[in-house]
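Here is how the chains run, residue by residue.
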Amino acid sequence: MSKRAVVFSAVPIGTEMSGYLQPNDFIVACDAGYHNAARLGVKPDLIVGDFDSAPQPKTDRQTIVLPHVKDDTDTQFAARWLVEHGYEEVVMLGALGGARVEHMFANISTGLYLALHGVHVILADAKSEMHYLLPEHPLTLPHKDWMYLSVYALGAPMTGVTLQGVYYPLQDATLSELDYPLGTSNEFTEPVARLQCASGHGLVILTRADG
């Protein structure tokens, strides 16, 4: 069984996100993320943060207090800790949306860091999921109740892009960098979508219908 962790960041989430929890998950709370863990009825195994967005909780759980002046965000520090301790699956909750757009972008970057270190990573909120597409790591994504599937190249063009099971399929295509969002709002046409690329790395976003 692979080592699996759920990382709670600070953007408030609802109880509907409890579907992402599994019984043996290692729970990490980043700074105010411990409020999200409590909302879903779980206790953190590890709490990390500089506690600038919430008071340091009084707890018997392992706590790593970070300095205010640092290079890593609290969530990035947690990601490094999980990589160093051999975790193979990570779900990031409370990492999307919120008032601090720069923190959301940083969390997307942290997700890529995890993916590039061999971790299967998902970022999720109530309306969407994010996955990472890397060479030699194809994705098979079930339709479920997702309306849209979008694919974006991160940092450099993606080559050898193949998308199957979607309204706008691709075969051995190139997706350019973020200055041209060609991959926005594709749709499922089959029970699963299959994605792969030969080089580069991409962000895959699944989105539910509005309403």
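Use the structure listed above.
Residues numbered from 1 in each chain as written. Predicted model: local features only at pLDDT ≥ 70, side-chain atom pairs only at ≥ 80, totals over all residues. Heavy atoms only, no water.

Residues and numbers for the sheet that holds strand β4 (residues 62–65), please.
The strands making up a sheet associate through hydrogen bonds between their backbones, and the pairing can be parallel or antiparallel. Reading across from one edge, β4-β3-β2-β1-β5-β6-β7-β14-β9-β12 is the order of the ten strands in this open sheet, with mixed pairing throughout. Pairing within the sheet leaves two strands with one partner each, and these edge strands are β4 and β12 (186–187). When strand β9 (residues 148–153) meets β12, the two strands line up antiparallel, connected through two bridges. Each residue of the ladder has a partner; that of L149, found in β12, is N186. (Pairing = 2+ DSSP bridges. Helix = DSSP H or I, 4+ residues; strand = E, 2+ residues; numbered from the N terminus.)

Any chance you could break down the environment of D74 for me, citing the residues and the numbers?
When you line up the elements, D74 lands in helix α2 (residues 74–84). Taking the relative accessible area as the measure of exposure, D74 reaches 11% and is therefore buried. For D74 and I47, which are 27 residues apart along the polypeptide, the C-alpha to C-alpha distance reads 9.7 Å. Apart from the residues within four sequence positions on either side, D74 is in contact with C30, D31, V48, G49, D50 and L66. (Buried < 20%, exposed > 50% of the residue type's maximum accessible area, 1.4 Å probe, protein only. Contact = heavy atoms within 4.5 Å.)

A description of the pairing of strand β13 (residues 192–196) should follow, citing residues and the corresponding values.
Side-chain alternation along β13 places A193 and L195 on a buried face and V192, R194 and Q196 on a face that remains uncovered. As paired elements, strand β8 (residues 139–142) and β13 share four bridges and run antiparallel to each other. Residue pairing in the sheet places L139 in a bridge with L195 of β13. Both strand β10 (residues 158–164) and β13 contribute to a ladder of three bridges, which runs antiparallel. Each bridged residue has a counterpart across the sheet, and for L163 the counterpart in β13 is L195.

Let's hear about α2: which residues, and what values?
Taken together, the buried positions of α2 are D74, T75, Q76, A78, A79, W81 and L82. The first or second residue beyond α2 is G86, which carries a positive phi of 80 degrees.

I'd like a description of the packing of aromatic side chains, backed by residues and values.
Evaluation of the coordinates by the stated rule reveals four aromatic pairs. Considering the side-chain rings of F26 and Y87, the 5.3 Å spacing of their centres and the 40 degrees angle between planes classify their relative orientation as tilted. Separated by 61 residues along the polypeptide, F26 in strand β2 (residues 26–30) and Y87 in the loop between α2 and β5 (89–93) bring together distant segments of the chain. Pair check on accessibility: F26 and Y87 agree, each one buried. Centroid distance Y167 to Y168: 4.8 Å. Interplanar angle 85 degrees. Geometry classified as edge-to-face. (Phe/Tyr/Trp six-rings, centres within 6.5 Å; stacked < 30°, edge-to-face > 60°.)

Distances and angles like these do not, on their own, reveal function.
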